Amino acid sequence: MRVSRRIIFAFLLGAAPVAGPGFAFDGAPVNPKDAALPMASQPAAQALNAQALGVPGLKKAAPPTTAAAAAAGTAPSLTSLQYAAEGGHPVAQWKLGRMYANGDGVAQDDLRAFEYFSRIANQHAEDSPSAPQAAIVANAFVALGRYYLNGIPNSKIKVDRERAREMFSYAASYFGNADAQYDLARLYLKTPDASREDFRYGARWLGLAAQKGQHQAQALLGQMLFNGDRLPPQRARGLMWLTLASESALPEEVWIKESYSRAMAKASGDDRAMALQMLEHWVQGRRD
């Protein structure tokens, strides 16, 4: 991933403090449907699509202008996806899983989404991490883990944190998936009775995800370092991570923008100068 110089320019411009009550970051999906969202931090996952991998029968439809046109355009596409999915194609299974998880062109059905993600995990768990479909397989494990964290109402899928940990751990260690590393870190760090060893594992996974550009991990690590939350305070380094996270944050991730703005307001001139140096090294390193 190449980090743009605009991050440094944004940093130099600074940020105004955000008024409002204090907040605590939880970071868990607020809705089980979030379990199947595409993982933006995985460049390979973004590049994979039906055309690139040659899924038979899949064509890019023109945007419908009416509800009738939308229904007409969805039917053949859905049929083609189902045909490919039944043939064991992981991209088609992933697309269908996302469609049912998000209610995109079909009735929202988390259990059906879970089943499609399970097919991917069961059939491709031992695929090489360098295989073309590896990012999709890893993301399927992440999606399953998030479903186990939330459970699926009125189904056999109950909340099972240990099972979620297994899903995240496999995707994090075998596939090196940054989203899995972040979710695994949260499980270790957010456990009420977390031991010193749990925290050590959590901090390690959080750091790995942040280094890979996972912006939520960067934000959480930045918070902890800047505030000295169970870690020795490193305000400049924390500000660097928060700056990177703020640049990549989605519009709805207000907590990241707020955390960055608060840190900027509290940082000293020395903190900012050192954070700027670290940002420059980060940008240069990402270009090498």
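Residues numbered from 1 in each chain as written. Predicted model: local features only at pLDDT ≥ 70, side-chain atom pairs only at ≥ 80, totals over all residues. Heavy atoms only, no water.

1. Focus: the overall build of the protein chain
And then number 1: Counting its regular elements, the protein chain contains 14 helices and zero strands.
And then number 2: In sequence order, the protein chain lays out its α and β elements as α-α-α-α-α-α-α-α-α-α-α-α-α-α.
And then number 3: Excluding contacts between residues fewer than 6 apart, the proportion of contacts in the protein chain whose partners are at least 24 apart in sequence is 64%.
And then number 4: Summed over all atoms, the accessible surface of the protein chain reaches about 14,500 Å², with 54% contributed by carbon and sulfur. (Helix = DSSP H or I, 4+ residues; strand = E, 2+ residues; numbered from the N terminus. Contact = heavy atoms within 4.5 Å. Areas by Shrake-Rupley, 256 points an atom, 1.4 Å probe, with all protein chains shown as cover.)

2. Focus: the pattern of salt bridges
And then number 1: All chains considered together, the criterion is met by seven salt bridges.
And then number 2: Put simply, Glu166 and Arg163 hold a salt bridge, and the shortest N to O gap is 2.7 Å. A residue pair is termed a helical-turn pair when its members lie 3 or 4 positions apart in one helix, as Glu166 and Arg163 do in helix H8 (residues 161–173) at three residues.
And then number 3: Here Glu166 falls in the partly exposed class, since its relative accessible area comes to 38%.
And then number 4: The salt bridge partner of Glu197 is Arg200, with a shortest N-O separation of 2.7 Å. One end of the pair is Glu197 and the other is Arg200, both in helix H10 (residues 196–211) and three residues apart, which spans about a single turn.
And then number 5: For Glu197, a relative accessible area of 36% gives the class partly exposed. (Salt bridge = Lys/Arg side-chain N within 4 Å of Asp/Glu carboxyl O. Buried < 20%, exposed > 50% of the residue type's maximum accessible area, 1.4 Å probe, protein only.)

3. Comments concerning the side chain of His124
And then number 1: Along the chain, the position of His124 falls in helix H6 (residues 110–124).
And then number 2: Within the local environment of His124, its side chain forms a polar contact with the side chain of Asp127, the two groups lying 2.8 Å apart.
And then number 3: Beyond its immediate chain neighbours, meaning those up to four positions away, His124 contacts Gly88, Pro90, Gln133, Val137 and Phe175. (Polar contact = N/O pair within 3.5 Å; in protein donor to acceptor, adjacent residues only side chain to side chain.)

4. Quick word on H10
And then number 1: With 16 residues, H10 should cover 22 Å at 1.5 Å per step; its first-to-last C-alpha distance of 23 Å lies within 8% of that length.
And then number 2: Taken residue by residue, H10 has Phe199, Gly202, Trp205, Leu206, Gly207, Ala209 and Ala210 as its buried positions.
And then number 3: Note on H10: the residue one or two positions beyond its end, Gly213, has a positive phi of about 95 degrees. (Expected span 1.5 Å × (residues − 1).)

5. Some points on the environment of Arg146
And then number 1: Position of Arg146 among the secondary structure elements: in helix H7 (residues 134–150).
And then number 2: Taking the relative accessible area as the measure of exposure, Arg146 reaches 10% and is therefore buried.
And then number 3: Taking the C-alpha atoms as reference points, Arg146 and Asp160, 14 residues apart in sequence, are found 9.9 Å from one another.

6. Details of the confidence of the model for the protein chain
And then number 1: Within the protein chain, residue pLDDT values average 78, and 73% of them lie at 70 or more.
And then number 2: By mean pLDDT, the top-scoring element of the protein chain is H7 (96), and the lowest-scoring one is helix H3 (residues 50–53) (32).
And then number 3: In the predicted structure, residues 15–76 sits below a pLDDT of 50 and forms 97 contacts with residues beyond four places in sequence or in another chain. (pLDDT = per-residue confidence, 0-100.)

7. Section: the nonpolar core
And then number 1: One finds Leu96, Phe117, Phe141, Leu206 and Trp241 to be the most contacted residues of the largest nonpolar core, which totals 71 residues.
And then number 2: Per-element tally for this core: the top contributor is H7, with eleven residues.
And then number 3: Not counting chain neighbours up to four residues away, the residues in contact with Leu206 comprise Tyr182, Ala185, Leu189, Ala217, Leu220, Leu221 and Met224.
And then number 4: Ala219, Ala245, Ala249 and Trp255 belong to the second largest nonpolar core, which has five residues in total. (Core = buried A, V, L, I, M, F, W, Y, C linked by side-chain atoms within 4.5 Å.)

8. Digging into the environment of Gly228
And then number 1: Within the secondary structure layout, Gly228 lies in the loop between helix H11 (215–227) and helix H12 (235–248).
And then number 2: For the pair Gly228 and Gly238, spaced ten residues apart in sequence, the C-alpha to C-alpha distance is 9.2 Å.

9. Here we look at the packing of aromatic side chains
Two numbers describe a pair of aromatic rings. These are the distance of the centres and the angle of the planes.
And then number 1: According to the stated counting rule, one finds ten aromatic pairs in the structure shown.
And then number 2: Geometrically, the ring pair formed by Tyr100 and Tyr116 is stacked, given 6.1 Å between the ring centres and 15 degrees between the ring planes. With Tyr100 in helix H5 (residues 90–102) and Tyr116 in helix H6, this pair connects stretches of sequence that are 16 residues apart. The residues Tyr100 and Tyr116 share a single accessibility class, namely buried.
And then number 3: When the ring of Tyr188 is compared with that of Tyr201, the centres are 5.7 Å apart and the planes differ by 40 degrees; the resulting orientation is tilted. (Phe/Tyr/Trp six-rings, centres within 6.5 Å; stacked < 30°, edge-to-face > 60°.)

10. Side note on H5
And then number 1: In a regular helix each residue adds 1.5 Å, so 13 residues correspond to 18 Å; H5 covers 18 Å between its end C-alpha atoms and thus fits that length.
And then number 2: Within H5, ten of the 13 residues are buried, leaving the element largely enclosed by the surrounding structure.
And then number 3: The complete set of buried residues in H5 reads Pro90, Val91, Ala92, Gln93, Trp94, Leu96, Gly97, Met99, Tyr100 and Ala101.
And then number 4: Two residues or fewer after H5 comes Gly103, characterised by a positive phi angle close to 65 degrees.

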